[in-house]
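Observations on the three-dimensional arrangement
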Amino acid sequence: MAAGIELRDLAPGDAGWVISRHGALYAAEAGFDSSFEALVAEIVADFLRNRDPARERGWIAWSGGQRVGCIFCVRLSDEVAKLRLFLLEPEMRGRGLGRLLLTSCREFARAKGYRRLTLWTHESHRAACALYAASGFTLIGAKPVHNYGQELVEQEWQIEL
């Protein structure tokens, strides 16, 4: 485990942090507009309303009494799960936390009987894409889009479990 990190299940109060930090970090680092924060809010609200605790989970990473990262595993079908809302606070990058969160999500999906884990990201998130590739994910699609006030290349990745 990354030194000094505790992974906890999503708890009351965490959802607002997930939405706020995604909005603020993506605005600062990628120039995303508020439509991205709205998307994150919709994803989180859907998770809170419809989550199947037996097959879906959200993790919040804590260090020094502060939230420092998150990742979610959500059901797409009986055989396919989707990794969502993967975020690390900038000061926590390069310390093994991303690998810990990614591994926790992948192992959970495997243990719950999913056969494949997918994710959606943008080409500009180079460090995350390198981590996905190093962890065995395969890039299965990419397309240019205009989203969140930016010209982007959306990517879809997957790994067989």
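The notes below deal with the structure included here. Since this is a predicted model, take the numbers as computed values, not measurements.

Attention now goes to the overall build of the chain. Along its length, the chain carries 4 helices and 7 strands. Moving toward the C terminus, one meets the helices and strands of the chain in the order β-α-α-β-β-β-α-β-α-β-β. Here the chain has a C-alpha radius of gyration of 15 Å; the compact-globule value for 161 residues is 15 Å, and the two agree. Expressed as a percentage of its 161 residues, the buried residues of the chain come to 44%. Of the contacts formed within the chain by residues at least 6 apart in sequence, a portion of 64% connects residues at least 24 apart. The distance from the centre of the 20 positive side-chain charges to the centre of the 20 negative ones in the chain is 5 Å.

Time to look at the packing of aromatic side chains. For the structure shown, the criterion picks out 10 aromatic pairs. With centroids separated by 5.0 Å and ring planes inclined at 85°, the aromatic side chains of Phe47 and Phe72 adopt a geometry described as edge-to-face. Taken together, the positions of Phe47 in helix 2 (residues 34-50) and Phe72 in strand 3 (residues 66-75) put the pair 25 residues apart, joining distant regions of the chain. By relative accessible area, which is 4% here, Phe47 ends up buried. What makes Phe72 buried here is its relative accessible area of 2%. Every member of this aromatic cluster is reached through a ring pair, and the members are Tyr26, Phe32, Phe36 and Tyr148. Arg8 extends its terminal NZ or CZ atom over the ring of Trp62, reaching a point 4.3 Å from the ring centre. For Arg55, the ring lying beneath its charged end belongs to Tyr114, and the centroid distance is 3.9 Å.

In this fold, Asp14 is placed in helix 1 (residues 14-30). A relative accessible area of 3% means that Asp14 is categorised as buried. With 10 residues separating them in the primary sequence, Asp14 and Ala24 have C-alpha atoms 15 Å apart. Sequence-distant contacts of Asp14, defined by excluding residues within four places in its chain, comprise Asp9, Ile60, Trp62 and Arg67.

So, about the pattern of salt bridges. Evaluation of the coordinates by the stated rule reveals 9 salt bridges. The closest approach of N and O atoms between Arg55 and Asp78, which form a salt bridge, is 4.0 Å. One end of the pair, Arg55, is in the loop between helix 2 and strand 2 (57-63); the other, Asp78, is in the loop between strand 3 and strand 4 (80-88), with 23 residues separating them in the sequence. Put simply, Glu79 and Arg115 hold a salt bridge, and the shortest N to O gap is 3.9 Å. Remark: Arg115 occurs in the loop between helix 3 (97-111) and strand 5 (116-122) and Glu79 occurs in the loop between strand 3 and strand 4; sequence separation between them is 36 residues. Assessed through its relative accessible area of 43%, Glu79 is described here as partly exposed. On the basis of relative accessible area, Arg115 is assigned to the exposed category, the value being 53%. A network of salt bridges, in which partner residues are shared, links Arg55, Arg75 and Asp78.

Reading the values: rules and limits
- Residues numbered from 1 in each chain as written.
- Predicted model: local features only at pLDDT ≥ 70, side-chain atom pairs only at ≥ 80, totals over all residues.
- Heavy atoms only, no water.
- Helix = DSSP H or I, 4+ residues; strand = E, 2+ residues; numbered from the N terminus.
- Rg over C-alpha atoms; globule rule 2.2 N^0.38 Å.
- Buried < 20%, exposed > 50% of the residue type's maximum accessible area, 1.4 Å probe, protein only.
- Contact = heavy atoms within 4.5 Å.
- Lys, Arg positive; Asp, Glu negative; His and termini not counted.
- Charge placed at Lys NZ, Arg CZ, Asp CG, Glu CD.
- Phe/Tyr/Trp six-rings, centres within 6.5 Å; stacked < 30°, edge-to-face > 60°.
- Lys NZ or Arg CZ within 6 Å of the ring centre and 35° of its normal.
- Salt bridge = Lys/Arg side-chain N within 4 Å of Asp/Glu carboxyl O.

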